[in-house]
Amino acid sequence: MAEAQDIPTRLAKPVSHSVSTSPSAAFHSPSSSFGGANLARSATLSNQRELKPFDTTDIKILLLENVNQSGRDILSGQGYQVEALKTSLPEDELIEKIRNVHVIGIRSKTKLSEKVLREAKNLIVIGCFCIGTNQVDLEYAAKHGIAVFNSPFANSRSVAELVIAEIIMLARQLGDRSMELHNGTWNKVSAKCWEIRGKTLGIIGYGHIGSQLSVLAEAMGMSVIYYDVVNLMAMGTAKQVPTLEALLSNSDFVTCHVPELPETKNMIGRVQFEQMKEGSYLINASRGSVIDIPALINASRSGKIAGAALDVYPSEPAGNGDYFTNSLNPWAEDLRSLKNVILSPHIGGSTEEAQRAIGVEGKFSAINVGEALVRYVNSGVTLGAVNLPEVNLRSLTLDERDHARVIYIHRNVPGVLRRVNEILGNHNVDKQITDNKGDVAYLMADISNVQRTEVKEIFDSLEALSSRILTRVLY
Ligand SMILES: NC(=O)c1ccc[n+]([C@@H]2O[C@H](COP(=O)([O-])OP(=O)(O)OC[C@H]3O[C@@H](n4cnc5c(N)ncnc54)[C@H](O)[C@@H]3O)[C@@H](O)[C@H]2O)c1
C-alpha cells in the first residue's frame, strides 16, 4: 500500500523542501506547510479505500468535560493521540492546550470564543458532544476553516421524559410534599392538585424535543397545542397555533423548547405571564435566557402561575457545588424560596442513555460526533457540520491508488472556481463537489494519477490563491 499525506496548512509557512516521505518527519517540522498530520491510505475489507492517517499518532485530540468512553474509543481506535480530561479548562489553560491540537471535543461548559480560537493554529475540527453549539463562535470557526459537529438528537427523549415528569410533579405539588416530609412534616392535601388528563399542554418550539413531548403528552391524555416560527406538521392530534399569545392564553401547562437566539431572549416576560391562564404552570428546559426570571418570581408570588419547573438558568456554575446563590444570579435566593417551583441543575439531557448516545450513536447514524470527527479528519466529509456546507464524496476504491483528494475551504467570492479549476485542470479530476454556507465555500475534488510532487504543486498553488481559508490534500 502506498503512503499518503494529509496536508493541512495550520502550521503553514512557505516551504522550501518538498513533501516528506516520512510522515512523522513532515509532521514534526513546524516550518513546513506540509507540517500537518500526515495521512495515508488503508483498505477496509470491502473495496473501499480510506484516506486515513498514516501515522495516526500525529493527530492530536483534546477531549474535555468527560466525554463518554464510547466517543473516546472511536477516536483512539483510529490511533489518534487522545488526551481526555474530566472537566472544562480555565481560559488561559485552554488557550495553552488548544495551540497544539488538531481536534477538540467539548460539551457545554467549554467556551470556544474568538479569543480562544485565534490561538488554535492547528485546529481543523471541533466536536460538540452535546446538542447546543452556542458555546462555540461558529462564525469565526467557519471563517477560519474549522468545522464544527454536534449531536443534535441524542438526548431529546431524555428531556421530553423529564418534562412529562415535571408536569405531573407540578400538578400534584409533589416537590413540595416531598421536601416537607424530608423535613418531618406530614401534609396530606388535595386542594389545587390535579390530574393531567384532559389538560392542555402548550409547547413553544416544536423541534426534536417539542415534537417528542407532544406524542408523550397525548399518550397521557393531554391536549397539545404548539407555537413555532416554522409551519410544522403536527404529531397525533396536536394543533399549531398562530401566535405565542394564543398558546399562552389556552394552555394549562406551557413548556419552552426553543434555541437560544436574540429573538428568544426573555421570550416569556411580564407581558407573557399576564397572557397566561390563571393558575397555569411554566416549564423551561431549553435555555436559561428564554425566561425573564424576575418576572417569573412576581408571577409566582402573585399566584398568577401555580408552579414552575426550571432546568436551565442564565448563569450556570462550571462544576457541582453550593453555587446556586445570588452571586451566581442576583435573584437565585428569591427563586429558591418559592412554593411549587422545581429547580434542577440542567439535567434534562443527563441520562446514561443520552450520554452514551451522544458519545456513540448507532453505527448507521451520520451525525455521530466521534464518527463525524473521524470521517472529517480522514476524508474531509462534512455531513452533519453545523457551520460549513454539508459536502460528501463517495470513498475512493482500492483500485484508485494514485488518487488524491483535495479539500479547499475558501471565501465565497466571484471567480474562485475558475482559478481552482485552472490549477486542477492540468490533472484528471474524477469527481468534484462544491457548496457554500454564507461567505464560506467548501470544495472537494478527487484527482486521479497524481504523483507526490504534483500533489505538492497543487497544494502550493491553492494556498497562493487570495480566496484561501484552508487547504488539505489527502493522498
Ligand atoms: N435541558 C437540557 O439538558 C437540554 C438538553 C437538550 C436540549 N436543550 C435545549 O432545548 C432546546 C430545544 O432543543 P431541540 O433539539 O428540540 O431544538 P430544535 O432545533 O430541534 O427545535 C427548536 C424549535 O424551536 C423553533 N423556534 C426557533 N425560534 C423560535 C421562536 N422565536 N419562536 C418559536 N419557535 C421557535 C424552531 O423552529 C424549532 O422547531 C434548545 O434550546 C436546546 O439547547 C436542553
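In this text the structure is predicted, and so the values were computed from the model without any measurement.

**Comments concerning the overall build of the protein chain**
- Each helix and strand counted, the protein chain has 16 helices and 19 strands in total.
- In the protein chain, 62% of the contacts between residues at least 6 apart in sequence involve partners at least 24 apart.

**Some remarks on the environment of Glu245**
- Mapped onto the fold, Glu245 is located in helix α9 (residues 244–250).
- A tally of 14 C-beta atoms within 10 Å means that Glu245 is categorised as partly exposed.
- Taking C-alpha positions, Glu245 is 8.0 Å from Met276, a pair spaced 31 residues apart along the chain.

**A word on the nonpolar core**
- In this structure, Val125, Ile126 and Leu373 are the most contacted members of the largest nonpolar core, which totals 69 residues.
- By residue number, the principal contributor to this core is strand β18 (residues 440–448), which donates seven residues.
- Each residue touching Ile126, except ones within four places of it in the same chain, is listed here: Ile104, Ile106, Leu112, Val136, Ala141, Ile146 and Val148.
- With 49 residues, the next largest nonpolar core counts Met222, Ile225, Phe253 and Met276 among its residues.

**Considering the site of the ligand**
- Taken together, 32 residues form the shell around the ligand, and within it Gly205, Gly207, Ile209, Gly348 and Gly349 come nearest.
- Secondary structure elements with two or more residues in the shell around the ligand: α6 (156–171) and α8 (208–219).
- No other element matches the three residues that α8 contributes to the shell around the ligand.
- Looking at the shell around the ligand, its residues break down into 14 nonpolar, 13 polar and five charged.
- Among the domains, domain 1 (4–153 + 353–392) and domain 2 (156–343) are the pair contributing at least three residues each to the shell around the ligand.

**Side note on the sheet that holds strand β13 (residues 305–310)**
- Pairing is parallel in the open sheet, where seven strands are placed in the order β10-β9-β8-β11-β12-β13-β14. Edge positions in the sheet fall to β10 (239–240) and β14 (341–343), since each has one partner strand and no second.
- Two strands pair when backbone bridges link them, and strand β8 (residues 200–204) and strand β11 (residues 253–256) are joined in this way by four bridges, in the parallel orientation. In the sheet register, Gly202 faces β11, and the bridge partner there is Val254.

**Some remarks on the packing of helix α15 (residues 416–424) against helix α16 (residues 452–464)**
- Two elements in contact, α15 and α16, have axes whose closest approach is 10 Å; the angle formed by their N-to-C orientations is 160°. Comparing the axis directions of α15 and α16 gives the class roughly antiparallel. The hand of the α15/α16 crossing is right-handed. Contact with α15, carried on its side by Val420, Ile423 and Leu424, involves Ile458, Ser461 and Leu462 of α16 and no other residues of that element.
- For the contact of α15 with α16, a count of residues per class yields five nonpolar, one polar and no charged.

**What about helix α14 (residues 369–379)?**
- α14 sits mainly inside the fold: eleven of its eleven residues count as buried.
- Inspection of α14 places Val369, Gly370, Glu371, Ala372, Leu373, Val374, Arg375, Tyr376, Val377, Asn378 and Ser379 among the buried residues, and these make up the whole buried set.

**Brief notes about the environment of Glu119**
- Summarising the element assignment, Glu119 is placed in the loop between α4 (114–117) and β6 (125–128).
- Excluding residues within four positions of it along the chain, Glu119 makes contact with Ile95, Ile98 and Arg99.

**Things to note about the environment of Asp176**
- Topologically, Asp176 is positioned in helix α7 (residues 174–182).
- The spacing of Asp176 and Leu338 is 162 residues in sequence and 9.9 Å in space, taken between C-alpha atoms.
- With sequence-adjacent residues up to four places away left out, Asp176 is seen in contact with Lys339 and Asn340.

**Considering the sheet that holds strand β7 (residues 147–149)**
- The parallel open sheet is built from five strands, whose spatial order is β4-β3-β5-β6-β7. On the outer flanks of this sheet lie β4 (81–84) and β7, each paired with one strand and no other. Across the sheet, the axes of successive neighbouring strands diverge by a mean angle of 15°, strand direction being ignored.
- Those strands touched by α14 are β5 (103–106), β6 and β7, and its axis lies near 170° from that of β6.

**Quick notes on the pairing of β5**
- Side chains Val103 and Gly105 project from β5 onto one buried face, and the interleaved Ile104 and Ile106 project onto a second face that is buried too.
- Bridge count for strand β3 (residues 60–63) against β5 is three bridges, and the pairing is parallel. Looking at β5, one finds that Ile61 is bridged to Val103.
- In terms of strand pairing, β5 meets β6 through four bridges, oriented parallel. What sits directly across from Ile104, in β6, is Ile126.

**Details of the confidence of the model for the protein chain**
- With 85% of its residues at a pLDDT of 70 or more, the protein chain shows a mean pLDDT of 85.
- Across residues 7–46, where pLDDT falls below 50, the model places 101 contacts with residues more than four positions away in sequence or in other chains.
- Considering only residues more than four positions removed or in separate chains, one finds that residues 51–56, a stretch of pLDDT under 50, has 34 contacts.

**Thoughts on the pairing of β13**
- With six of six residues buried, β13 lies mostly within the body of the structure.
- For strand β12 (residues 280–284) and β13, the ladder comprises five bridges, and the chain directions are parallel. Looking at the pairing, Ser280 lines up with Ile305 of β13.
- A crossover links β12 with its parallel partner β13, the connecting element being helix α11 (residues 293–301), and its sense is right-handed.

**Quick word on the packing of α6 against α8**
- It is at 9 Å that the axes of α6 and α8 come closest, and there the two elements cross at 50°. Viewed along their axes, α6 and α8 adopt a mutual orientation that is oblique. Remark: the crossing between α6 and α8 carries right-handed chirality. Counted together, Ser156, Arg157, Val159, Ala160, Val163 and Ile164 of α6 and His208, Ile209, Gln212, Leu213, Leu216 and Ala217 of α8 form the full contact between these two elements.
- Among the residues forming the contact of α6 with α8, the class breakdown is eight nonpolar, three polar and one charged.

**Looking at unusual backbone geometry**
- Even without a glycine there, the phi angle at Lys192 is positive, about 60°.
- At Asn449, a residue that is not glycine, the phi angle is positive and equals roughly 55°.
- Locating Asn449 in the fold gives a position in the loop between β18 and α16.
- With 13 C-beta atoms packed within 10 Å, Asn449 lands in the partly exposed category.

Rules used throughout
Residues numbered from 1 in each chain as written. Predicted model: local features only at pLDDT ≥ 70, side-chain atom pairs only at ≥ 80, totals over all residues. Helix = DSSP H or I, 4+ residues; strand = E, 2+ residues; numbered from the N terminus. Contact = placed C-beta atoms within 7 Å. Buried ≥ 20, exposed ≤ 12 C-beta atoms within 10 Å, placed from the backbone. Core = buried A, V, L, I, M, F, W, Y, C linked by C-beta atoms within 7 Å. Near = placed C-beta within 6 Å. Nonpolar A, V, L, I, M, F, W, Y, C, P; charged D, E, K, R; others polar. Domains from an automatic or database assignment. Pairing = 2+ DSSP bridges. Axes fitted to C-alpha atoms, helices over the stretch in contact; angles between N-to-C directions. Parallel < 35°, antiparallel > 145°, perpendicular 65-115°, else oblique. Left-handed = near helix turned anticlockwise from the far one by under 90°. pLDDT = per-residue confidence, 0-100. Right-handed = clockwise from strand over helix to strand, strands pointing away.

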